[in-house]
Amino acid sequence: MDFLDIGLIFAAAVCAVFLTRRVTRWRTCPDGGSPFRKQGTAKAFLSVIKAIVPEILLLRRAARTGPLRWLAHCLVFYGFMGLLLFHAMASLVTVNLFSGYEPTLNPWQFLRDLLGGLVLIGLALMVARRVRDRRLRVLSRFQDWALLFVVGGIVGSGFLLEASKIISPAMFDSMVAEYGVYGGGPETTALKAAWADRFGVVFPSDRLVTPQRVERGLEINDESCTACHSDTASAFISKPLASALTPLAPAMNRSRADRVFWYAHILFCLVGLAALPYAKFLHPLTTPANLAARAGRRDLGRPGGAAARGLGMDACTRCGECSLHCSVAPSFAVLGNPDILPSEKLASLTAFRDGRLSGLGLERFAEGSRICTECLRCTDICPAGINLQDLWLASKPEAAASVPDPNQAVRAMTVAARSAICCRIEPEGLADRRESFWACVQCTTCTSVCPVVAVSDDPSRDLDLLPQQIMNLLRMGLKDEALGVRMVWSCTTCYKCQEHCPQDIRVADVLYELRNTAAARLRQAEGEEG
């Protein structure tokens, strides 16, 4: 057994053990019932089959997030899959499909460079997207950059390996020793001259190449080598790279750089295999599986079973699209709690399921769960097809049980009690400036789009007053009375009222400020009593 065999066995064993552990962990997710049982096995199976081409092969959902992002994922997906099947697994796949396969013959030599080039272009687009977008750059974690580095390392070291083999006289000597019949005489010298002149091998002697030797060497090459070797010019990336490395060739050949790059290439591949069950490295397996299981749905759908929810949690690609489209992202800008954003909250949800969340982390996760308005934007935009809405709804009760909502205590007070506490301080802010609410025409648009009002059977009982009525209270100078209105404490800060207001009144911001003002007064009152 050599280095490759030992490393492959070790990496495969690590991958198998931790992949099994990760799949087993899906059982900790709450079971909402199997969608297959509810939909019917045959019908559900057909919907999965129909989703394979548009969702997995054409990456339709990625296309909804932008053409460049779709292009980057297509380049990496098809380029890497081609390399995996026709290069890494050639002895298992390509050899059995195409007779006479040799990696140094065309079209395989050309395809290898083409597929590797596609992967590198796709990776460059992904890196540019994360660097260019400030919000996405802030959300990017070590695992995001690590995956790009490992995939780029696999392909980049592959190109360097091929280039170092092109210029290596040791590789030429090894080939002649294995297949040649010329025994190191003038025929071998002529062949060396031809390979140095046409194929880029850098031999120590600079007087080797003469027109006569090259002509004779090409004749020998046609007789003995073309069955296994095509012109290295078809390796349109590796050959120019080898030419660029020619000034360094003597030093590289003395140090056997081809061996160094071979070990580097193998190590990158083994690291990628061993890391497959961890974090974002798993998504090449789980994302297609989740897309098929969701059958192209972008809505909430039926609650998934424990396995479906666990699969969805592991299918996250950490692309950040959900956080970029989150309706409560402005709350993150104010509060600074990353768990308000879906992509970060999903990572914390995994830790919460594993029982690894406590202290400040648990409080942040619970606050993020409370602030979420279940507006469905994250589920609709998710390129991995994750039913985030279902995950939030399933985890909210558990998060609330772990960290009770502090607003509930205030909401449970009577209006008089809340107003009594809230009247002790004279705050300043939006609610104190007439221009904040003066333009309100009482059109009730804010109330019509409010999800809190929509779910209430009796708003006057549940909420005291409606949003436009609170604006009217402020207009009449009754701010202290507005602080005690239950609507202020029921607002989910989804910002729909503010987005739809025809007068551009910052309704949600005013309500949010009223709540913060009241909370500050409450804390001060508790401090005075303490």
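Given the structure is predicted, the values throughout are model-derived calculations rather than measurements.

### Things to note about the side chain of Q109
So, step 1. Here Q109 is to be found in helix α7 (residues 108-132).
So, step 2. A relative accessible area of 4% places Q109 in the buried class.
So, step 3. Side-chain polar atoms of Q109 contact the backbone oxygen of D231, separated by 3.0 Å.
So, step 4. A polar atom in the side chain of Q109 sits 2.7 Å from the side chain of S234.

### So, the layout of surface pockets
So, step 1. Its boundaries defined by the atoms lining it, the second largest pocket holds a volume of some 1,200 Å³.
So, step 2. Forming the boundary of the second largest pocket are 45 residues, of which R370, D405, N407, W489 and R515 lie nearest the centre.
So, step 3. Within the residue set of the lining of the second largest pocket, elements represented by two or more residues are α19 (329-335), α21 (359-371), α23 (388-402), α24 (406-411), α27 (451-454), α31 (486-490) and α33 (507-529).
So, step 4. Per-element tally for the lining of the second largest pocket: the top contributor is α33, with seven residues.

### Quick notes on the pattern of salt bridges
So, step 1. Counted by the stated rule, this structure contains 28 salt bridges.
So, step 2. Here R141 and E344 are joined by a salt bridge, their closest N and O atoms 2.8 Å apart. Here R141, found in the loop between α8 (134-139) and α9 (142-167), pairs with E344, found in helix α20 (residues 342-353); they are 203 residues apart in sequence, far enough to count as distant.
So, step 3. The exposure class assigned to R141 is partly exposed, which follows from its relative accessible area of 32%.
So, step 4. A relative accessible area of 4% means that E344 is categorised as buried.
So, step 5. Where R377 meets E499, a salt bridge forms, and the shortest distance between an N and an O atom there is 3.4 Å. With R377 in helix α22 (residues 377-381) and E499 in helix α32 (residues 496-500), the pair connects residues that are 122 residues apart, well separated along the chain.
So, step 6. Its relative accessible area of 34% is what places R377 among the partly exposed residues.
So, step 7. Judged by relative accessible area, E499 falls into the partly exposed class, the value being 45%.
So, step 8. Each member of the salt-bridge network shares a partner with another, and the members are R130, R141, D144, K280, R318 and E344.

### Side note on helix α16 (residues 283-294)
So, step 1. Taking 1.5 Å per residue, 12 residues should reach 16 Å; α16 reaches 15 Å between its end C-alpha atoms and fits that length.
So, step 2. The inward-facing, buried residues of α16 contact α3 (41-57), α4 (60-63), α9, α17 (306-314) and α22.
So, step 3. A295 sits one or two positions beyond α16 and adopts a positive phi of about 55°.

### A closer look at the packing of α20 against α23
Between two packed helices, the angle of one axis relative to the other and the distance separating the axes together describe the packing.
So, step 1. Interhelical geometry of α20 versus α23 gives an angle of 55° and a closest axis separation of 11 Å. In this view, α20 runs oblique relative to α23, as classed from their interaxial angle. For the pair α20 and α23, the sense of crossing is left-handed. In this structure, α20 uses P342, K345, L346, L349, F352 and R353 to contact α23, whose residues at the interface are L388, L391, W392, A394, S395, E398, A399 and S402.

### Some remarks on the nonpolar core
So, step 1. Judged by nonpolar contacts, the single largest core of 33 residues is most densely connected at I470, M471, L474, M487, V488, L511 and L514.
So, step 2. Counting residues per element, the ones that place at least two in this core are α27, α29 (467-475), α30 (479-483), α31 and α33.
So, step 3. Per-element tally for this core: the top contributor is α33, with seven residues.
So, step 4. Apart from the residues within four sequence positions on either side, I470 is in contact with L465, A482, V485, M487, V488, L511 and L514.
So, step 5. L346, F365, L391 and W392 belong to the second-largest nonpolar core, a separate cluster that totals 24 residues.

### Some points on the domain arrangement of the chain
So, step 1. You can read the domains of the chain as domain 1 (167-260), domain 2 (292-403) and domain 3 (432-529).
So, step 2. Between the C-alpha centres of domain 1 and domain 2 the distance comes to 57 Å.

### Here's the deal with unusual backbone geometry
So, step 1. Between N106 and the following residue, P107, the backbone shows a cis peptide bond with an omega angle of 10°.
So, step 2. As for its placement among the helices and strands, P107 is situated in the loop between α6 (94-97) and α7.
So, step 3. Located in the positive-phi region is L376, a residue other than glycine, with phi close to 80°.
So, step 4. Its location among the elements puts L376 in the loop between α21 and α22.
So, step 5. For T493, which is not glycine, the phi dihedral falls at a positive 55°.
So, step 6. Among the secondary structure elements, T493 is positioned in the loop between α31 and α32.
So, step 7. Exposure remark for T493: the relative accessible area of 5% places this residue in the buried category.

Definitions and cut-offs
- Residues numbered from 1 in each chain as written.
- Predicted model: local features only at pLDDT ≥ 70, side-chain atom pairs only at ≥ 80, totals over all residues.
- Heavy atoms only, no water.
- Helix = DSSP H or I, 4+ residues; strand = E, 2+ residues; numbered from the N terminus.
- Buried < 20%, exposed > 50% of the residue type's maximum accessible area, 1.4 Å probe, protein only.
- Polar contact = N/O pair within 3.5 Å; in protein donor to acceptor, adjacent residues only side chain to side chain.
- 1 Å grid on protein atoms, 1.4 Å probe; cavity = no way out; pocket = protein on both sides within 12 Å on 5 of 7 lines; lining within 4 Å.
- Points joined across faces, edges and corners; volume = space filled by probe spheres on them.
- Salt bridge = Lys/Arg side-chain N within 4 Å of Asp/Glu carboxyl O.
- Expected span 1.5 Å × (residues − 1).
- Contact = heavy atoms within 4.5 Å.
- Axes fitted to C-alpha atoms, helices over the stretch in contact; angles between N-to-C directions.
- Parallel < 35°, antiparallel > 145°, perpendicular 65-115°, else oblique.
- Left-handed = near helix turned anticlockwise from the far one by under 90°.
- Core = buried A, V, L, I, M, F, W, Y, C linked by side-chain atoms within 4.5 Å.
- Domains from an automatic or database assignment.

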